[in-house]
Amino acid sequence: PIDIKLLGIFPHMHLLGKEMKAKALRPSGQEESLIWIEDWDFNWQDKYVYTSSMELPKGTRLHLDAMFDNSADNPRNPSNPPKRVLLGEESTDEMCLVILQAATASQEEAHQLQMAILQNTMMLLSKGKMSPEFRRRIVPEIMQLIRSNQGKVARQK
């Protein structure tokens, strides 16, 4: 909903991760890579800071693609033979996320951004676009964010 400066990125998958590609789709139609790891290595999980901030204008959409390899051909697969893998915190479970470090021009814009993220998350929850496990984990965090932002709104009035 606002212009932001992207400062860094933190990609995260576990042992079955194969490839991760995050990109920004600008309102102009221009596509810009945020990070692309073609051969994921669990040991590369780290915060990557851009040498200069990346300006993302209002209306930019973010897109994340990831591939996993749960086959016996994956030398990093911890299970032999391969087994079904679900979302979880352990390295033998799996997840995929990318955390972005961004700066806004003001505290008010930071609040706008938080509320837009919250609204998008709630929309995805209501449409059943998240697994029950993810829903179980994210709802308490959303409620905490709502409570903390209600206090900020009350103090601003």
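Placed above this text is the structure.
Residues numbered from 1 in each chain as written. Predicted model: local features only at pLDDT ≥ 70, side-chain atom pairs only at ≥ 80, totals over all residues. Heavy atoms only, no water.

Re helix α1 (residues 107-126)
(1) Moving on: Across its 20 residues, α1 extends 29 Å between first and last C-alpha, which sits within 8% of the 28 Å expected from 1.5 Å per residue.
(2) Moving on: Within α1, the full set of buried residues consists of H111, L118, T121 and L125. Along the axis of α1, the buried positions cluster into a sector of 90°, meaning they face one direction only. The outward face of α1, more than 90 degrees from its buried face, is lined by the exposed residues E108 and Q119. (Helix = DSSP H or I, 4+ residues; strand = E, 2+ residues; numbered from the N terminus. Expected span 1.5 Å × (residues − 1). Buried < 20%, exposed > 50% of the residue type's maximum accessible area, 1.4 Å probe, protein only. Arc of directions from axis to C-beta.)

Section: the packing of aromatic side chains
The geometry of an aromatic ring pair is captured by two quantities: the separation of the ring centres and the angle between the planes.
(1) Moving on: A full pass over the atoms with the stated rule returns 0 aromatic pairs.
(2) Moving on: The ring of W36 is capped by K21, whose NZ or CZ atom sits 3.8 Å from the centre of that ring. (Phe/Tyr/Trp six-rings, centres within 6.5 Å; stacked < 30°, edge-to-face > 60°. Lys NZ or Arg CZ within 6 Å of the ring centre and 35° of its normal.)

Describing the side chain of Q45
(1) Moving on: Assignment of secondary structure puts Q45 in the loop between β3 (31-37) and β4 (48-56).
(2) Moving on: The buried category is assigned to Q45, whose relative accessible area is 19%.
(3) Moving on: Side chain to side chain, Q45 and H12 meet in a polar contact 2.2 Å long.
(4) Moving on: Within the local environment of Q45, its side chain forms a polar contact with the backbone oxygen of F42, the two atoms lying 3.0 Å apart.
(5) Moving on: Those residues within four positions of Q45 in sequence are excluded, and the remaining contacts are F10, P11, H12, M13 and W40. (Polar contact = N/O pair within 3.5 Å; in protein donor to acceptor, adjacent residues only side chain to side chain. Contact = heavy atoms within 4.5 Å.)

Overview of the side chain of T60
(1) Moving on: Here T60 shows up in the loop between β4 and β5 (61-68).
(2) Moving on: Separated by 2.7 Å, the side chain of T60 and the backbone oxygen of P57 make a polar contact.
(3) Moving on: Excluding residues that lie within four positions of it along the chain, T60 makes contacts with A24, L25, R26 and P27.

A look at the sheet that holds strand β2 (residues 17-25)
(1) Moving on: With respect to topology, 3 strands assemble into an open sheet ordered β3-β2-β5, the strand pairing being antiparallel. Each having just a single partner strand, β3 and β5 make up the two edges of the open sheet. Averaged over all neighbouring strand pairs, the angle between strand axes comes to 15°, with direction disregarded.
(2) Moving on: Bridge count between β2 and β5: 8 bridges; the pairing is antiparallel. By the bridge assignment for β5, L25 is matched with R61. (Pairing = 2+ DSSP bridges. Axes fitted to C-alpha atoms, helices over the stretch in contact; angles between N-to-C directions.)

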